[in-house]
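# Structure at a glance
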Amino acid sequence: MAIRWLLGLYFVYMGLNKALHPDLFLKLVRQYDLTSNPCFLNAIAAGLPWFEVFCGLLLLAGVAVRGAALMLLLMLMAFTPLVLHRALTLAAANAQHLCLVKFDCGCGTGEVFACNKLVENCLLMLVSAWLLTGRGRRLSLWFSPFEAACHSGGTDSHVS
Amino acid sequence: MRSILLEGLAVAAIGAAVALGANALSPRGLKLGRDYFPPRLQAQSSGTNLSPKAPGGSTNSAAELLAAKIRAFGLEPAESNRVSQLFNDPRREADLIVFIDARDEKDYKQGHIPGALEFYDPYRDKYLDTVAPVCRIAQRVVVYCHGGDECDDSIQAALTLRDVLHVPKENLLVYGGGFTEWCSNGLPVEIGERNSGQMRR
(Lines give C-alpha, C1' and ligand atoms only; values in the text may rest on other atoms or scores of the structure.)
Protein backbone atom coordinates (compact mmCIF):
# COMPACT_ATOMS: atom_id res chain seq x y z
CA MET A 1 0.00 0.00 0.00
CA ALA A 2 2.79 2.39 0.93
CA ILE A 3 4.51 1.66 -2.36
CA ARG A 4 1.30 2.36 -4.26
CA TRP A 5 0.92 5.67 -2.45
CA LEU A 6 4.54 6.60 -3.03
CA LEU A 7 4.25 5.86 -6.74
CA GLY A 8 0.98 7.79 -6.88
CA LEU A 9 2.45 10.79 -5.08
CA TYR A 10 5.50 10.71 -7.32
CA PHE A 11 3.43 10.93 -10.50
CA VAL A 12 1.05 13.55 -9.10
CA TYR A 13 4.04 15.69 -8.13
CA MET A 14 5.91 15.18 -11.41
CA GLY A 15 2.76 15.66 -13.45
CA LEU A 16 1.82 18.90 -11.70
CA ASN A 17 5.33 20.28 -12.14
CA LYS A 18 4.87 19.91 -15.87
CA ALA A 19 1.17 20.72 -16.08
CA LEU A 20 1.67 24.09 -14.40
CA HIS A 21 4.29 25.07 -16.99
CA PRO A 22 3.15 23.40 -20.22
CA ASP A 23 5.01 25.97 -22.31
CA LEU A 24 8.34 24.88 -20.86
CA PHE A 25 7.38 21.23 -21.16
CA LEU A 26 6.45 21.78 -24.81
CA LYS A 27 9.96 23.09 -25.54
CA LEU A 28 11.50 20.09 -23.83
CA VAL A 29 9.28 17.58 -25.63
CA ARG A 30 10.17 19.23 -28.93
CA GLN A 31 13.84 18.47 -28.32
CA TYR A 32 13.06 14.77 -28.65
CA ASP A 33 11.90 15.24 -32.27
CA LEU A 34 8.95 12.92 -31.71
CA THR A 35 6.87 14.51 -34.43
CA SER A 36 6.82 17.43 -36.81
CA ASN A 37 3.06 17.77 -36.46
CA PRO A 38 2.44 20.77 -34.16
CA CYS A 39 -1.03 19.58 -33.09
CA PHE A 40 0.33 16.21 -32.02
CA LEU A 41 3.27 17.84 -30.26
CA ASN A 42 0.92 20.22 -28.44
CA ALA A 43 -1.37 17.35 -27.48
CA ILE A 44 1.55 15.45 -25.94
CA ALA A 45 2.79 18.47 -24.01
CA ALA A 46 -0.70 19.49 -22.93
CA GLY A 47 -2.10 16.07 -22.12
CA LEU A 48 0.75 13.97 -20.79
CA PRO A 49 1.31 15.86 -17.52
CA TRP A 50 -2.38 15.79 -16.60
CA PHE A 51 -2.55 12.14 -17.60
CA GLU A 52 0.27 11.43 -15.15
CA VAL A 53 -1.61 13.33 -12.45
CA PHE A 54 -4.73 11.31 -13.25
CA CYS A 55 -2.89 7.99 -13.00
CA GLY A 56 -1.19 9.12 -9.81
CA LEU A 57 -4.52 10.01 -8.25
CA LEU A 58 -5.93 6.62 -9.23
CA LEU A 59 -3.03 4.95 -7.46
CA LEU A 60 -3.47 7.11 -4.38
CA ALA A 61 -7.19 6.37 -4.20
CA GLY A 62 -6.75 2.73 -5.12
CA VAL A 63 -9.05 2.84 -8.12
CA ALA A 64 -8.25 0.76 -11.22
CA VAL A 65 -4.78 0.29 -9.81
CA ARG A 66 -3.61 -2.26 -12.34
CA GLY A 67 -4.93 -0.23 -15.27
CA ALA A 68 -3.14 2.87 -13.99
CA ALA A 69 0.03 0.87 -13.34
CA LEU A 70 -0.16 -0.56 -16.86
CA MET A 71 -0.41 2.94 -18.36
CA LEU A 72 2.51 4.20 -16.28
CA LEU A 73 4.57 1.17 -17.23
CA LEU A 74 3.85 1.73 -20.91
CA MET A 75 4.76 5.41 -20.65
CA LEU A 76 7.99 4.61 -18.84
CA MET A 77 8.83 1.95 -21.41
CA ALA A 78 8.24 4.46 -24.20
CA PHE A 79 10.07 7.43 -22.71
CA THR A 80 13.06 5.79 -21.04
CA PRO A 81 14.69 4.82 -24.37
CA LEU A 82 14.06 8.38 -25.59
CA VAL A 83 15.80 9.79 -22.53
CA LEU A 84 18.68 7.37 -23.10
CA HIS A 85 18.91 8.34 -26.76
CA ARG A 86 18.97 12.05 -25.95
CA ALA A 87 21.55 11.53 -23.22
CA LEU A 88 23.75 9.55 -25.61
CA THR A 89 23.41 12.32 -28.22
CA LEU A 90 24.44 14.95 -25.67
CA ALA A 91 27.28 12.76 -24.42
CA ALA A 92 28.61 12.35 -27.97
CA ALA A 93 28.22 16.06 -28.73
CA ASN A 94 30.08 17.13 -25.59
CA ALA A 95 32.51 14.20 -25.57
CA GLN A 96 31.32 13.26 -22.09
CA HIS A 97 30.68 10.03 -20.31
CA LEU A 98 26.97 9.21 -20.27
CA CYS A 99 26.77 9.43 -16.49
CA LEU A 100 28.25 12.94 -16.51
CA VAL A 101 25.56 14.26 -18.84
CA LYS A 102 23.20 16.55 -16.95
CA PHE A 103 20.12 17.81 -18.72
CA ASP A 104 16.44 18.56 -18.32
CA CYS A 105 14.74 15.50 -19.69
CA GLY A 106 11.27 17.01 -19.24
CA CYS A 107 10.56 14.58 -16.44
CA GLY A 108 9.45 17.27 -14.01
CA THR A 109 12.55 17.53 -11.85
CA GLY A 110 14.62 20.01 -13.83
CA GLU A 111 18.20 19.11 -14.72
CA VAL A 112 19.26 15.63 -13.68
CA PHE A 113 22.18 13.33 -14.32
CA ALA A 114 21.28 10.93 -17.11
CA CYS A 115 22.33 7.75 -15.33
CA ASN A 116 20.42 8.68 -12.17
CA LYS A 117 17.30 9.28 -14.23
CA LEU A 118 17.65 6.01 -16.10
CA VAL A 119 18.06 4.05 -12.86
CA GLU A 120 15.11 5.89 -11.36
CA ASN A 121 12.95 5.04 -14.36
CA CYS A 122 13.94 1.37 -14.14
CA LEU A 123 12.88 1.32 -10.48
CA LEU A 124 9.59 2.99 -11.36
CA MET A 125 9.01 0.35 -14.02
CA LEU A 126 9.67 -2.40 -11.50
CA VAL A 127 7.23 -0.89 -9.02
CA SER A 128 4.59 -0.45 -11.73
CA ALA A 129 5.07 -4.05 -12.82
CA TRP A 130 4.79 -5.15 -9.19
CA LEU A 131 1.44 -3.37 -8.88
CA LEU A 132 0.32 -5.07 -12.08
CA THR A 133 0.57 -8.40 -10.30
CA GLY A 134 -2.26 -7.33 -8.04
CA ARG A 135 -0.34 -6.13 -4.98
CA GLY A 136 -1.17 -3.02 -3.01
CA ARG A 137 -4.84 -3.77 -2.45
CA ARG A 138 -4.96 -2.52 1.14
CA LEU A 139 -6.98 0.67 1.63
CA SER A 140 -7.97 0.79 -2.02
CA LEU A 141 -11.40 2.11 -2.93
CA TRP A 142 -12.02 0.06 -6.06
CA PHE A 143 -8.91 -1.91 -6.87
CA SER A 144 -10.05 -3.67 -9.99
CA PRO A 145 -13.32 -2.50 -11.57
CA PHE A 146 -13.23 -5.03 -14.42
CA GLU A 147 -12.24 -8.08 -12.44
CA ALA A 148 -15.79 -9.06 -11.53
CA ALA A 149 -16.99 -8.56 -15.09
CA CYS A 150 -14.24 -10.75 -16.51
CA HIS A 151 -14.52 -13.49 -13.92
CA SER A 152 -18.23 -13.90 -13.30
CA GLY A 153 -18.66 -15.23 -9.83
CA GLY A 154 -15.10 -14.24 -8.92
CA THR A 155 -14.06 -12.76 -5.62
CA ASP A 156 -15.04 -9.24 -4.71
CA SER A 157 -12.11 -6.98 -5.27
CA HIS A 158 -13.34 -4.13 -3.08
CA VAL A 159 -11.10 -3.91 -0.09
CA SER A 160 -11.60 -1.24 2.49
CA MET B 1 -5.08 -10.56 -17.93
CA ARG B 2 -8.13 -9.46 -19.87
CA SER B 3 -9.36 -7.41 -16.93
CA ILE B 4 -6.01 -5.62 -16.72
CA LEU B 5 -6.13 -4.74 -20.41
CA LEU B 6 -9.71 -3.52 -20.10
CA GLU B 7 -8.74 -1.44 -17.10
CA GLY B 8 -5.77 -0.05 -18.96
CA LEU B 9 -7.94 0.93 -21.92
CA ALA B 10 -10.50 2.55 -19.64
CA VAL B 11 -7.79 4.46 -17.78
CA ALA B 12 -6.27 5.55 -21.10
CA ALA B 13 -9.59 6.75 -22.52
CA ILE B 14 -10.85 8.51 -19.40
CA GLY B 15 -7.38 9.82 -18.58
CA ALA B 16 -6.96 11.31 -22.07
CA ALA B 17 -10.33 13.05 -21.80
CA VAL B 18 -9.53 14.35 -18.31
CA ALA B 19 -6.07 15.50 -19.41
CA LEU B 20 -7.29 17.42 -22.43
CA GLY B 21 -10.16 18.85 -20.40
CA ALA B 22 -7.77 20.00 -17.68
CA ASN B 23 -5.56 21.63 -20.30
CA ALA B 24 -8.55 23.42 -21.80
CA LEU B 25 -9.59 24.73 -18.36
CA SER B 26 -6.10 25.65 -17.21
CA PRO B 27 -5.23 29.36 -17.62
CA ARG B 28 -1.78 28.23 -18.75
CA GLY B 29 -3.12 25.55 -21.07
CA LEU B 30 -1.76 25.12 -24.58
CA LYS B 31 -3.83 25.76 -27.69
CA LEU B 32 -3.73 22.47 -29.52
CA GLY B 33 -4.19 23.96 -32.98
CA ARG B 34 -1.52 26.62 -32.68
CA ASP B 35 1.95 26.15 -34.06
CA TYR B 36 4.22 27.42 -31.30
CA PHE B 37 7.24 26.76 -33.49
CA PRO B 38 6.70 28.02 -37.04
CA PRO B 39 8.04 25.71 -39.78
CA ARG B 40 10.81 28.07 -40.73
CA LEU B 41 12.03 28.15 -37.17
CA GLN B 42 12.04 24.37 -37.05
CA ALA B 43 13.96 24.20 -40.30
CA GLN B 44 16.55 26.67 -39.09
CA SER B 45 16.86 25.06 -35.68
CA SER B 46 17.98 21.88 -37.31
CA GLY B 47 21.09 23.71 -38.42
CA THR B 48 20.27 24.12 -42.08
CA ASN B 49 22.39 26.76 -43.76
CA LEU B 50 23.54 28.20 -40.48
CA SER B 51 27.19 27.38 -40.67
CA PRO B 52 28.79 30.24 -42.55
CA LYS B 53 32.50 29.95 -42.96
CA ALA B 54 34.95 32.70 -42.26
CA PRO B 55 37.05 33.87 -45.22
CA GLY B 56 40.01 31.92 -43.90
CA GLY B 57 37.97 28.75 -43.89
CA SER B 58 37.51 28.49 -40.12
CA THR B 59 34.04 28.36 -38.62
CA ASN B 60 32.73 31.73 -37.48
CA SER B 61 32.08 32.56 -33.85
CA ALA B 62 28.93 31.62 -31.99
CA ALA B 63 27.80 35.25 -32.15
CA GLU B 64 28.14 35.30 -35.92
CA LEU B 65 26.26 32.04 -36.25
CA LEU B 66 23.50 33.45 -34.09
CA ALA B 67 23.38 36.62 -36.19
CA ALA B 68 23.16 34.46 -39.32
CA LYS B 69 20.32 32.51 -37.77
CA ILE B 70 18.44 35.72 -36.94
CA ARG B 71 18.97 37.02 -40.47
CA ALA B 72 17.71 33.73 -41.89
CA PHE B 73 14.30 34.65 -40.47
CA GLY B 74 14.37 38.01 -42.23
CA LEU B 75 15.15 39.77 -38.95
CA GLU B 76 17.97 42.15 -38.11
CA PRO B 77 20.37 41.20 -35.34
CA ALA B 78 21.73 43.80 -32.93
CA GLU B 79 25.01 43.63 -31.05
CA SER B 80 25.55 44.88 -27.53
CA ASN B 81 27.09 48.23 -28.51
CA ARG B 82 24.12 49.10 -30.65
CA VAL B 83 21.69 47.97 -28.00
CA SER B 84 23.47 50.11 -25.39
CA GLN B 85 23.26 53.11 -27.68
CA LEU B 86 19.56 52.57 -28.18
CA PHE B 87 19.08 52.16 -24.44
CA ASN B 88 20.77 55.51 -23.81
CA ASP B 89 18.94 57.24 -26.67
CA PRO B 90 16.56 59.92 -25.31
CA ARG B 91 13.84 58.63 -27.64
CA ARG B 92 13.49 55.63 -25.32
CA GLU B 93 11.93 57.88 -22.69
CA ALA B 94 9.17 58.72 -25.18
CA ASP B 95 8.62 55.06 -26.07
CA LEU B 96 9.96 55.65 -29.56
CA ILE B 97 12.58 53.04 -28.75
CA VAL B 98 11.07 50.03 -27.04
CA PHE B 99 12.63 46.98 -25.49
CA ILE B 100 10.64 43.74 -25.52
CA ASP B 101 11.47 40.98 -23.05
CA ALA B 102 10.50 37.64 -24.61
CA ARG B 103 11.26 35.51 -21.55
CA ASP B 104 8.63 34.09 -19.28
CA GLU B 105 6.96 36.01 -16.47
CA LYS B 106 9.12 34.57 -13.71
CA ASP B 107 12.36 35.54 -15.43
CA TYR B 108 10.98 38.98 -16.26
CA LYS B 109 10.06 39.68 -12.65
CA GLN B 110 13.49 38.57 -11.47
CA GLY B 111 15.13 41.15 -13.68
CA HIS B 112 14.81 42.81 -17.07
CA ILE B 113 16.23 45.70 -19.07
CA PRO B 114 14.76 48.83 -17.47
CA GLY B 115 11.50 49.84 -19.12
CA ALA B 116 11.24 46.65 -21.18
CA LEU B 117 7.77 45.36 -21.93
CA GLU B 118 6.97 41.76 -21.11
CA PHE B 119 5.98 39.66 -24.12
CA TYR B 120 6.22 35.91 -23.67
CA ASP B 121 5.06 34.53 -26.98
CA PRO B 122 3.45 31.23 -25.84
CA TYR B 123 0.92 33.36 -23.93
CA ARG B 124 0.91 36.24 -26.38
CA ASP B 125 -2.81 37.00 -25.98
CA LYS B 126 -2.13 38.21 -22.46
CA TYR B 127 0.27 40.90 -23.68
CA LEU B 128 -1.07 42.00 -27.05
CA ASP B 129 -3.19 44.87 -25.74
CA THR B 130 -0.21 46.41 -23.99
CA VAL B 131 2.48 45.67 -26.52
CA ALA B 132 0.69 46.27 -29.82
CA PRO B 133 0.03 50.02 -29.58
CA VAL B 134 3.50 50.78 -28.23
CA CYS B 135 5.30 48.75 -30.88
CA ARG B 136 3.30 50.16 -33.75
CA ILE B 137 4.36 53.74 -33.03
CA ALA B 138 7.92 52.92 -31.96
CA GLN B 139 10.76 53.74 -34.31
CA ARG B 140 12.87 50.88 -32.97
CA VAL B 141 11.77 47.70 -31.22
CA VAL B 142 14.53 45.64 -29.63
CA VAL B 143 13.53 42.09 -28.76
CA TYR B 144 15.61 39.95 -26.44
CA CYS B 145 15.42 36.77 -24.40
CA HIS B 146 18.11 34.88 -22.50
CA GLY B 147 20.42 35.06 -25.48
CA GLY B 148 22.91 32.76 -27.11
CA ASP B 149 21.72 29.28 -27.91
CA GLU B 150 18.45 29.95 -26.11
CA CYS B 151 17.53 32.76 -28.48
CA ASP B 152 14.50 31.09 -30.05
CA ASP B 153 12.06 32.95 -27.80
CA SER B 154 13.22 36.35 -29.03
CA ILE B 155 13.10 35.23 -32.65
CA GLN B 156 9.63 33.82 -32.15
CA ALA B 157 8.44 37.01 -30.42
CA ALA B 158 9.92 39.18 -33.17
CA LEU B 159 8.15 37.08 -35.80
CA THR B 160 4.87 37.55 -33.97
CA LEU B 161 5.42 41.31 -33.77
CA ARG B 162 6.17 41.41 -37.49
CA ASP B 163 3.61 38.94 -38.81
CA VAL B 164 0.73 39.28 -36.35
CA LEU B 165 1.01 42.86 -35.09
CA HIS B 166 2.42 44.13 -38.40
CA VAL B 167 5.31 45.98 -36.84
CA PRO B 168 7.48 47.07 -39.80
CA LYS B 169 10.41 44.69 -40.09
CA GLU B 170 12.89 47.53 -40.59
CA ASN B 171 12.00 48.72 -37.06
CA LEU B 172 12.66 45.35 -35.48
CA LEU B 173 15.96 44.30 -33.94
CA VAL B 174 16.78 41.02 -32.22
CA TYR B 175 19.38 41.30 -29.48
CA GLY B 176 21.11 37.93 -29.86
CA GLY B 177 23.31 38.27 -26.81
CA GLY B 178 20.17 38.79 -24.79
CA PHE B 179 19.74 39.36 -21.11
CA THR B 180 22.73 37.19 -20.20
CA GLU B 181 25.07 39.43 -22.18
CA TRP B 182 23.34 42.55 -20.87
CA CYS B 183 24.01 41.48 -17.29
CA SER B 184 27.57 40.38 -17.97
CA ASN B 185 28.22 43.87 -19.39
CA GLY B 186 27.22 45.29 -16.01
CA LEU B 187 24.29 47.26 -17.40
CA PRO B 188 21.35 48.26 -15.19
CA VAL B 189 18.62 45.75 -14.43
CA GLU B 190 15.12 46.53 -13.25
CA ILE B 191 13.27 44.03 -11.10
CA GLY B 192 9.56 43.48 -10.63
CA GLU B 193 7.03 45.30 -12.79
CA ARG B 194 7.87 47.60 -15.68
CA ASN B 195 9.11 51.00 -14.46
CA SER B 196 9.03 49.74 -10.89
CA GLY B 197 12.09 51.85 -10.17
CA GLN B 198 13.67 48.91 -8.34
CA MET B 199 17.11 48.42 -9.77
CA ARG B 200 19.93 46.00 -9.23
CA ARG B 201 23.42 45.88 -10.64
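Refer to the preceding data block for the structure.
Keep in mind that this is a model prediction, so the values were computed, not measured.

Secondary structure summary: chain B contains eight helices and seven strands in total. Here chain B holds 201 residues, and 50% of them are scored as buried. The contacts of chain B with a sequence gap of at least 6 include a subset with a gap of at least 24, amounting to 64%. Working note: accessible area of chain B is about 9900 Å², and carbon and sulfur atoms make up 55% of it.

Below, the discussion takes up the interface of chain B and chain A. With 38 residues of chain B in contact, the opposing surface of chain A contributes 36 residues. Summed over the three residues of chain B that lose the most area to chain A, namely Glu7, Val11 and Phe37 of chain B, the buried surface amounts to 23% of that side. Linking chain B with chain A are two salt bridges, by the criterion used here. Lysine 27 of chain A serves as the salt-bridge partner of aspartate 153 of chain B, at 2.9 Å between the closest nitrogen and oxygen. Where chain B touches chain A, the interface holds eleven residue pairs in polar contact (both at pLDDT 80 or more). Secondary structure elements with two or more residues in the side of chain B that touches chain A: α1 (2-25), α2 (39-45) and α7 (152-163) of chain B. For the side of chain B that touches chain A, the leading source of residues is α1 of chain B, giving 18 residues. A class-by-class count of the residues in the side of chain B that touches chain A yields 20 nonpolar, nine polar and nine charged.

Residue and element names in this part refer to chain A. A cluster of nonpolar side chains, Val119, Leu123 and Leu126, forms an exposed patch at the surface whose accessible area comes to about 310 Å². If you trace the backbone, leucine 126 turns up in helix α5 (residues 114-132). Using a relative accessible area of 59% as the deciding quantity, one classes leucine 126 as exposed.

Right, let's talk about the packing of helix α3 (residues 38-61) of chain A against helix α4 (residues 65-93) of chain A for a bit. Residues and elements named next belong to chain A. Between α3 and α4, the shortest axis-to-axis distance is 9 Å and the interhelical angle comes to 140°. Relative to α4, the crossing made by α3 is left-handed. Here Leu48, Phe51, Glu52, Cys55, Leu58 and Leu59 of α3 come into contact with α4, specifically with Val65, Ala68, Ala69, Met71, Leu72, Met75 and Phe79. Across the contact of α3 with α4, the residue classes tally to twelve nonpolar, no polar and one charged.

What counts, and where the lines are drawn
Residues numbered from 1 in each chain as written. Chains lettered and ligands numbered in written order. Predicted model: local features only at pLDDT ≥ 70, side-chain atom pairs only at ≥ 80, totals over all residues. Heavy atoms only, no water. Helix = DSSP H or I, 4+ residues; strand = E, 2+ residues; numbered from the N terminus. Buried < 20%, exposed > 50% of the residue type's maximum accessible area, 1.4 Å probe, protein only. Contact = heavy atoms within 4.5 Å. Areas by Shrake-Rupley, 256 points an atom, 1.4 Å probe, with all protein chains shown as cover. Buried area = accessible area lost by both parts, 1.4 Å probe. Salt bridge = Lys/Arg side-chain N within 4 Å of Asp/Glu carboxyl O. Polar contact = N/O pair within 3.5 Å; in protein donor to acceptor, adjacent residues only side chain to side chain. Nonpolar A, V, L, I, M, F, W, Y, C, P; charged D, E, K, R; others polar. Patch = residues over 30% accessible without salt bridge, like charges linked within 9 Å, V, L, I, M, F, W, Y side chains within 5 Å. Axes fitted to C-alpha atoms, helices over the stretch in contact; angles between N-to-C directions. Left-handed = near helix turned anticlockwise from the far one by under 90°.

It is worth stressing that arrangement in space is one thing and function is another; only the former is reported here.
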